[in-house]
Structure formats: structure tokens, C-alpha cells
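# A structural walkthrough
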Amino acid sequence: MAVCPYYSQDENYCDVGSGYISPHDVQTISHYCTCRFSECEKHQELSARLQGRHQPVSPYRATKPLARNEKPISIAFRNKWPLPFRMSYLRSRCDHVVPIQEEEVMSQKVSMKKAWTVVLAGTGINLALGILYTWSIFKGAISDSIAAGGEGAFNWDAASINDPYAVACLAFAAAMILAGKIQDKLGPKITCMIGGLMVAAGFAWISQTTNYWAWVVGFGVLAGTGIGFGYSAATPPALKWFPPAKTGLIAGIVVSGFGLASVYIAPLAKYLLSNYGLQQSMLFFGIAFAVVVVGFGMLISNPPAGYVADPNAPKVTKSAAESNELSPLQLFGNAKFYTLWLCFFVGAGSGLMVIGSAKGLAKASMGEMAFLVVVIMSVGNAAGRLVAGVVSDKIGRATTLTLMLVFQAVLMLVAIPVLGSGSGSSPVLVALLVTFMVFNYGTNLALFPSFAKDYWGMKHFGMNYGILFSAWGVGAFVLVRVSEMLKVKTGSITASFAVACGLLLVGAMMSLSLRKKVSPVRVELREPVAALEEEDMVLQEFGSK
């Protein structure tokens, strides 16, 4: 038995008074003992009598005196307590409660500082790995080299110019599954370091060759896999530090770095290409990524065991918490998984189709300044992730997903006359249209990790989201490849927009099944209604007399 801090004796020595005790004194005693001796049976009895009558006051502010119209609470105990001098002594001792409360607050502040450090580090990693979205600039340099010909030039087939990008997207998605497993087992630091080194190795390789297969393996397989490892190590740890109410917001912040990367990479790539050439630029990027990704990776970590993101949240029983935790094998027996996978396939694939050809789409109307579209659309990409995260926390993930898919389908229809005509359109209109398309694409990367956490829990989040993320890679590989083939065959991108529009509408209809069903409310008519009717008849008769 612990020793009471007031009496320096066990609870049997405690004389807690008889007759009555004022609410003011009850609150003071309850606060003092809650912080110092909450297991005491006398305290528990006192708190039980207090509960429902008077709310405890904070130890940070002085207790209020008993109001004139406030009657004392009658609480009978064995002994007489408190005497006035003992009450004064206890109130003076309440100062000792404050350091304990301050220690708890400081602990929470340290946790929040670490949590936001993980969020910002994850965002920094994605700011580096987002070079994938600037492929259209590298693609333009390769296309110019093919057209110019000569010694040392790229000698590729025009229809296969997007293959390294498509393979990188596919490898990115496939790596998310393996990286998710490693992240769940070994932690995010090791996963992130592997990713940074693989990206650096891939870029170093392609900086030494123009061979088609070397670029497919170097940029597509090595860099794509490394991006998958780094990306998988950024979002899951950040989500684990925050409560469910902030899932969308935190996911949006972390993944926004990936979309925002083109803001600085596009002009930097433009400068490096014009001064050092494509291959030398790839070497510079490779070295930089090794330093940045590995460096930020050292700041990422999972919360310690027993960490509670929201101490004020209602406690969930262990059986209820485990019922929401699905293993990767159980995922394939979940109907929502297939709906989400197909919606992700359509939403991501149609957006990547535009991102991969952004510079080419804008070149007809903007000329050499077309690279600015890549910069502008990166802002839209990042904004889509942030907005979708916040909005989905408010109105629900499924509703946000449906609105996004419908909006994207409308934009694809508008793009047919604006971007598919082949004639120069207004540069402002082109920039706005592409930006809104990429904005909608960005919403996918905030919504689907939030879906995975909501539906399948955090225990196997890394691998579960990796499996779901395969839809992103397959969508990129299939729709980007189909788009390029249709463009070569028809000479226009109009057919690609039409196909994407149809798929997006199908995805929007499928997403409706994810919305929560509202149970109908039963309304029962009771007998008093008849009694009221009889009363009305009596009143009518009385009024007629």
C-alpha cells in the first residue's frame, strides 16, 4: 500500500470528516489526490460522490469559494474532517501538483515536436523524390536528341520514349509492397536509406549512357524502386504520430512535397540541361538525392510503444482495435479493396497521362516557356493533396473521391477542344486546365493512404498501402502507354482524353459504394395521439355552445 502524501500514513489513518463537506473542499481534495494518490479507496469514494454534481477545477487556477446559494454536500465518513487549518494546509500543498502537470504537458510538447519533425522530414524526402514528375522535361531533351541525330545522340523509337517513365511508375508501385513490409519490420530509417541510395545509383548509371535498355533499367527499375522505398518510409510514420481526426491533413502535407518538387526541379533541370547537357545533369541529381534522402531519413521514426496520439480520445477495447486491423492476406477478402484499387487505377492513370506529356501539350501555345507549365502544375498537384486531405476530414473520404473523379472527367472533356485540336490555344487557358487536371490527380495521393488507415488500421499499414498503391503503378504503365500509342497512331491526344473521361465516370459510380449507408429512422405513433384527437373534439363542442 502506498503512503498518503498528506498524512504520511496509509488510507486507514485518513479522517475524511462527517456531517458535511463543501463542494469547494471536495474539489480541492479530489484534485490533490487525483494527482498524488488516485488509488486510495477514500479518494475514489470522494470522487464518486463528487461526479455529476460539480466539475473538478484546474489546479492551474485558484479554486472558487462557495457561493451564497450553494448548499454543502452531505458526505458521511468515519472520522471528522477537515478542520479549517488542515484545509488551508492542503490548499497550500496543491502547489506540488503543478510540477507533475507541467511534466505531463512538457511530455506532450516533446511528442508534438517530434511528430512535426517526422512530418517535415517526410515532406523533404518527397520534395527530392518528386523528380519523377519532371520527366516531361527530360523527355523533351531526349526527343530533341533523337531528332538531331549524330554521334552520341539518343537512337530510340518515338513510340517508346515514355517507357523509362512508365517502367519507373510500375517499379515505384511494386517496390511499395516490399518497402512497406521492410518499413513495418525494420523501421523507416533503413527503408529510406535504401531508397536514397538506389535512386542515386540509377541516376549515376543513366548519366553514362544513351542506351534505351540502360535507361529503362537505370531510371525505370533502379530509380523507380528507390523512389518507392523512400516514399513508403515518409507517410506511414507521420500518420502514426497523429490522431485519426488529422489523418487527411497529415497525409496531404507529407505527400504534397512529392507534387511540389517540380517548382524547383523544373527550372533547375532547365538550367542544368542548357549548361551541362542531359547526362551530366543526371549525375548531379543522383549525388544530391543520395545526400538529401538519406539525411532526412535519419530524422524519421515510428512512435514509441504505448504512444497515444490523442490522450483525450475515448479508450477503445483491445478486441475492438484488433478487429479494425487487417493483414495483407485478409485484404484480398475485403470488397472495399477492389473498389479502391480500381478507383485509384483510373484516377492516377489519367492524371499521370497528363503529367508525363505536360510540356508537349503546352509547347504549341507557350513555345520555349512551356517548362513553366510543369512548375505551375506542381503547385496544383501539391494543393490537391492538401485540400483533399483537409476536405476529406470534414465531409468524408468517399464523398471527396466521388467529387474528384467527376471533376476530372469534366476536365478531360474540356481538354479535347483545348489541348487536342493541335492549334495554339491561349497560354493562360492551357496552364489553368493542366493545373486543375493535376490538382485532381494530387487528391488521389492524399485520399488513398487515408482510406487504408481508416479501413485496415496501422498495424500492417506499410504493406497494405503498398498493395493498394500497385493500382497507381499499373494505371501509370497502362494508361500512359496507351496514350502514347494512340497519339502516334492518330497524331492527336484527343482519343486519350476521351478514353480517360469514360474511365473516370465509371470510377465515380464505383466510388458511391464506399459511402456510409444511413439507417432509416423508425417513427412510431403512440396512443396519446388518439387522446389528443378526443380532446380537440371536446374543445370544439365546448366552443360551439
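Residues numbered from 1 in each chain as written. Predicted model: local features only at pLDDT ≥ 70, side-chain atom pairs only at ≥ 80, totals over all residues. Heavy atoms only, no water.

### Observations regarding the nonpolar core
- By size, the foremost hydrophobic cluster in this structure holds 118 residues, and its most contacted members are Tyr-465 and Trp-472.
- Broken down by element, the residue count for this core peaks at 14 residues, all from helix α18 (residues 427-456).
- Tyr-465 has contacts with Met-176, Tyr-231, Phe-344, Leu-445, Phe-448, Pro-449 and Ala-452, leaving out every residue within four places of it along the chain. (Core = buried A, V, L, I, M, F, W, Y, C linked by side-chain atoms within 4.5 Å. Buried < 20%, exposed > 50% of the residue type's maximum accessible area, 1.4 Å probe, protein only. Helix = DSSP H or I, 4+ residues; strand = E, 2+ residues; numbered from the N terminus. Contact = heavy atoms within 4.5 Å.)

### Section: the environment of Gln-279
- Relative to the helices and strands, Gln-279 resides in helix α11 (residues 278-297).
- For Gln-279, a relative accessible area of 24% gives the class partly exposed.
- When the C-alpha positions of Gln-279 and Ala-204 are compared, they lie 8.9 Å apart, and in sequence the two are 75 residues distant.
- Each residue touching Gln-279, except ones within four places of it in the same chain, is listed here: Ile-206, Ser-207, Gln-208, Thr-209 and Thr-210.

### Overview of the side chain of Asn-334
- As for its position among the elements, Asn-334 is in the loop between α13 (328-331) and α14 (335-356).
- On the basis of relative accessible area, Asn-334 is assigned to the buried category, the value being 19%.
- Not counting residues up to four positions away in its chain, the partners in contact with Asn-334 are Leu-326 and Trp-456.

### Description of empty space enclosed by the protein
- Under the definition given, this model contains two cavities of 30 Å³ or more.
- Of the volumes computed, that of the second largest cavity is approximately 60 Å³.
- Residue lining of the second largest cavity: Ser-350, Met-353, Leu-479, Val-482, Ser-483, Ser-496, Val-499 and Ala-500, and that is the complete set. (1 Å grid on protein atoms, 1.4 Å probe; cavity = no way out; pocket = protein on both sides within 12 Å on 5 of 7 lines; lining within 4 Å. Points joined across faces, edges and corners; volume = space filled by probe spheres on them.)

### Thoughts on the packing of helix α8 (residues 212-240) against helix α9 (residues 247-260)
- α9 packs onto α8 with a crossing angle of 155° between their chain directions and a minimal axis gap of 9 Å. Between α8 and α9, the crossing angle belongs to the class labelled roughly antiparallel. Of the two possible hands of crossing, α8 and α9 adopt the one that is right-handed. Here Ile-227, Tyr-231, Ala-234, Thr-235, Ala-238 and Leu-239 of α8 come into contact with α9, specifically with Thr-247, Ile-250, Ala-251, Val-254, Val-255 and Phe-258.
- Grouping the constituent residues of the contact of α8 with α9 by class yields 10 nonpolar, two polar and no charged. (Axes fitted to C-alpha atoms, helices over the stretch in contact; angles between N-to-C directions. Parallel < 35°, antiparallel > 145°, perpendicular 65-115°, else oblique. Left-handed = near helix turned anticlockwise from the far one by under 90°. Nonpolar A, V, L, I, M, F, W, Y, C, P; charged D, E, K, R; others polar.)

### With respect to the pattern of salt bridges
- In this structure the tally under the stated criterion is two salt bridges.
- Among the salt bridges present, the one from Arg-397 reaches Asp-393, with a minimum N-O distance of 2.8 Å.
- A residue is classified by how much of its surface remains accessible, and Arg-397, at 9% relative accessible area, is buried.
- Using a relative accessible area of 25% as the deciding quantity, one classes Asp-393 as partly exposed.
- The salt bridge involving Arg-397 is made with Asp-454; its shortest N-O contact spans 2.6 Å. Of the two residues, Arg-397 sits in helix α17 (residues 397-419) while Asp-454 sits in helix α18, which places them 57 residues apart along the sequence.
- Through salt bridges with shared partners, a single network forms among Asp-393, Arg-397 and Asp-454. (Salt bridge = Lys/Arg side-chain N within 4 Å of Asp/Glu carboxyl O.)

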